[in-house]
Amino acid sequence: MRKPLARDVLRQLAEQHGVCVRPLVLRRTDTVTGVTEIVEVPCGATLAAKCKPCAERGRRLRIQQIREGWHLAEEPTVRPEKPGEDVLDLVRARAHLEFDREALHYRPMHPDERAARLADLDAQIVEVDEALAASSLRGRLTPRDRADRPRRRRSTRRRQDTPDLPRLPVDRRTVGRAYAGRDGRTYRPSMLVTLTLGSHGPVHSHARRGAYVVPCECGQRHGPHDDLLGTPIDPASYDYRRAALDAIHFARVLDRWWQNLRRAAGWNVQYAGAVELQRRLAPHAHFAIRGTLPRRLLKQVAAATYHQVWWPSFDDPVYTVDKPPVWDVDQQAYVDPQTRQPLTPWTRALDALEQPDARPAYVARLGRIDARGIAQGTRDAERAIRYVTKYVTKDLGEQVRPGSEAQKAHFDRLHAELSVLPCSPTCANWLLYGVQPDGAKPGLVPGRCTGKVHQRATLGFTGRRVLVSRQWSGKTLADHRADNRAWIRAILAGHLADTHTDGQGDKHDHGQGAGDNRYRFELARPEDPDVPPLEHRILRAISARIRWRAQLDAARRAADLSAVSATTTLTRKEATGWSGC
Ligand SMILES: [Zn+2]
Ligand SMILES: [Zn+2]
Ligand SMILES: [Zn+2]
């Protein structure tokens, strides 16, 4: 039993060489020659628990993205290509179909005939939409689903009103100001900002000022790994409900914060950051901001930012998980188990919110904000980037695995609270508060909603973990990846007859350079006879990678890299992740 397991060794070696441990297998058919071959694509997982090499590669790209965007001196310009005539034709066809679909409703005809024609039109629309999706168009032309119900319009009063803040027209500028130093150099300062939720009750904490450990509110001095850290000093009075609701709505509050900040600052502030969990299990966010803003303004905006949840009130549960309302077939509704009276339907509960004295069910706010100035190209800047991206390859819950009994209990109490709060209009938990969920149907079990909000892995936060504003670096992650490949290719030029020995990268550029439509791809199944076993494929990939790396190193030695400054080399090495092995 002491001998290492073969499977583990294979995985370990794959991880060490940055080879994907669960590659996708594609069958590529050359439409010119008819030759079919099996090619592999890295799985591209962002979580290390799924595939460490892919997640790590993703994290490095994020680091590169943040680094390139942070201190941009000029506006990132993205000039989208002109759409081709084929795309314009498709959009034109789609426009006519949309017109016909609407016109159909006004033409007198038998309902059956109308339904038949509608189905016919919809089938054509699906076809055109599919063709559009396969075209060079980015994003979707129309919303995913056609809403069959009219959208509820909120009265203006119900709008999320702008808080009491300076309101300036937002300039298109996205780069920070530059300052001339005494030595004639230009300084381009920027910031690192941390946004934290307000307190839900005092928790055991560890803080130091120099060598001095500051006493916790409980009177003790906790070490940095104390079992109690992050847990409430008084669990009975800790506000788990607010902790849970703040976590659920944190993503929206962040959105509001950026909107408010841009309006108050008067320019198009850009950011790149990540959300992670604090020890007390509340989400908080670190952001790199391009340019600087007065600290006073940041604080003012944070204090004034809120997100109102316009849902029916869910302050007081009417039913319990043990004795929930029951489905009544005759009334097609959930009813009180005793009186058989139906609960308030969702639409009627929403109507009540239109009353003048209606209040939002919840208002989520931000708590503290910490801001630090960062200078371009410093050690501090590099450290800040690592800090922001530290946990992006981990699940939110994974980074704060409770270690002690006290921490476990804290985790469980928060999770228990999350499991009975409503996560969305269709959540089964509405039944507990005497409201029929939107689109109620039989089989809803309160406390058992499968929504992501209620899961232990999310602890309420279901928004995006990595948040990068649109004009950060002017590039998508795929663009950064392509940059790296282009650079490696340039180094290898002349040294490799066949750049396809990579085994992980270039091979999968989906027919680039050979005409975009030359190859046809389809997913191959692992049990297909022409697909070698996973272990064989990983072994080959490891070998290919080792050789490729040796060739690359040789190429780099041969090429005179002295022209490239030392810092650039270092940056590139870290960014592409092929150093160190
Ligand atoms: Zn992978
Ligand atoms: Zn304490
Ligand atoms: Zn739910």
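The rules we used
- All chains use their own residue numbering, which begins from 1 and follows the written sequence.
- Chain A is the first chain written and ligand 1 is the first ligand written, with later ones labelled in order.
- Where totals are concerned, whole chains, interfaces and linings use all residues; where local detail is concerned, this predicted model gives features only for residues with pLDDT of at least 70, and gives and counts side-chain atom pairs only at 80 or more.
- For the side-chain quantities, the full set of heavy atoms in the structure was used; hydrogens and water were omitted.
- To qualify as a helix, a DSSP run of H or I must reach at least 4 residues; to qualify as a strand, a run of E must reach at least 2; elements of each kind are numbered from the N terminus.
- Exposure classes here rest on a 1.4 Å probe applied to the protein chains alone. A residue is buried below 20% of its type maximum, exposed above 50%, and partly exposed in between.
- The convention is simple: Lys and Arg are positive, Asp and Glu are negative, and His and the chain ends are not counted.
- Should a side-chain nitrogen of Lys or Arg be within 4 Å of a carboxyl oxygen of Asp or Glu, the pair is scored as a salt bridge.
- Polar contact is the term for a pair of N or O atoms within 3.5 Å; when the atoms are in protein, one must be able to donate a hydrogen and the other to accept it, and sequence-neighboring residues count only if both atoms are side-chain atoms.
- We call two residues in contact when some of their heavy atoms are within 4.5 Å.
- Given a helix with a known number of residues, its expected span is that number minus one, times 1.5 Å.
- Note on donors: an N, O or S atom is included if it sits within 2.8 Å of the metal, or within 3.2 Å for Na, K and Ca, and water is never included, so sites can look incomplete.
- A site with four donors is called tetrahedral when every donor-metal-donor angle falls between 85 and 135 degrees; four donors are called square planar, and six octahedral, when opposite donors sit more than 155 degrees apart and all other angles fall between 65 and 115; any other arrangement is irregular.

Comments concerning the side chain of Arg465
Thought 1: Relative to the assigned elements, Arg465 resides in the loop between helix H9 (405–418) and strand S15 (466–468).
Thought 2: We note that Arg465 is buried and unpaired, the nearest opposite charge coming from Asp395 at a distance of 5.2 Å.
Thought 3: Of the polar contacts made by the side chain of Arg465, one reaches the backbone oxygen of Tyr391; its length is 3.2 Å.
Thought 4: When neighbours within four sequence positions are excluded, Arg465 is seen to be in contact with Gly273, Ala274, Val275, Tyr391, Val392, Lys394, Asp395, Leu396 and Gln399.

Observations concerning helix H2 (residues 52–70)
Thought 1: The end-to-end C-alpha distance of H2, which contains 19 residues, comes to 27 Å, matching closely the 27 Å that a straight helix rising 1.5 Å per residue would cover.
Thought 2: Buried within H2 we find Pro53, Cys54, Ala55, Arg59, Leu61, Ile63, Gln64, Gln65, Ile66, Arg67, Gly69 and Trp70.

Details of the pattern of salt bridges
Thought 1: Across all of its chains, the model carries 28 salt bridges by this definition.
Thought 2: Notably, a salt bridge pairs Arg59 with Glu56, separated by 3.1 Å at the nearest N-O pair. With a gap of three residues between them, Arg59 and Glu56 both fall in helix H2, about one helical turn apart.
Thought 3: For Arg59, a relative accessible area of 16% puts it in the buried group.
Thought 4: For Glu56, a relative accessible area of 25% translates into the label partly exposed.
Thought 5: The salt bridge involving Asp315 is made with Arg241; its shortest N-O contact spans 3.3 Å. Highlighted residues: Asp315 in the loop between strand S10 (306–309) and strand S11 (326–328) and Arg241 in helix H5 (residues 240–265), separated in sequence by 74 residues.
Thought 6: Overall, Asp315 belongs to the partly exposed group, its relative accessible area being 42%.
Thought 7: Connected through shared salt-bridge partners, Arg27, Arg525, Glu527, Asp528 and Asp530 make up one network.

Description of the coordination of the zinc ion (ligand 1)
Thought 1: Around the zinc ion (ligand 1), the protein contributes the donor atoms Cys20 (SG), Cys43 (SG), Cys51 (SG) and Cys54 (SG), at 2.3 Å from the metal centre.
Thought 2: For the zinc ion (ligand 1), the four donor atoms in the first shell make angles of 106 to 113 degrees at the metal, a pattern classed as tetrahedral.

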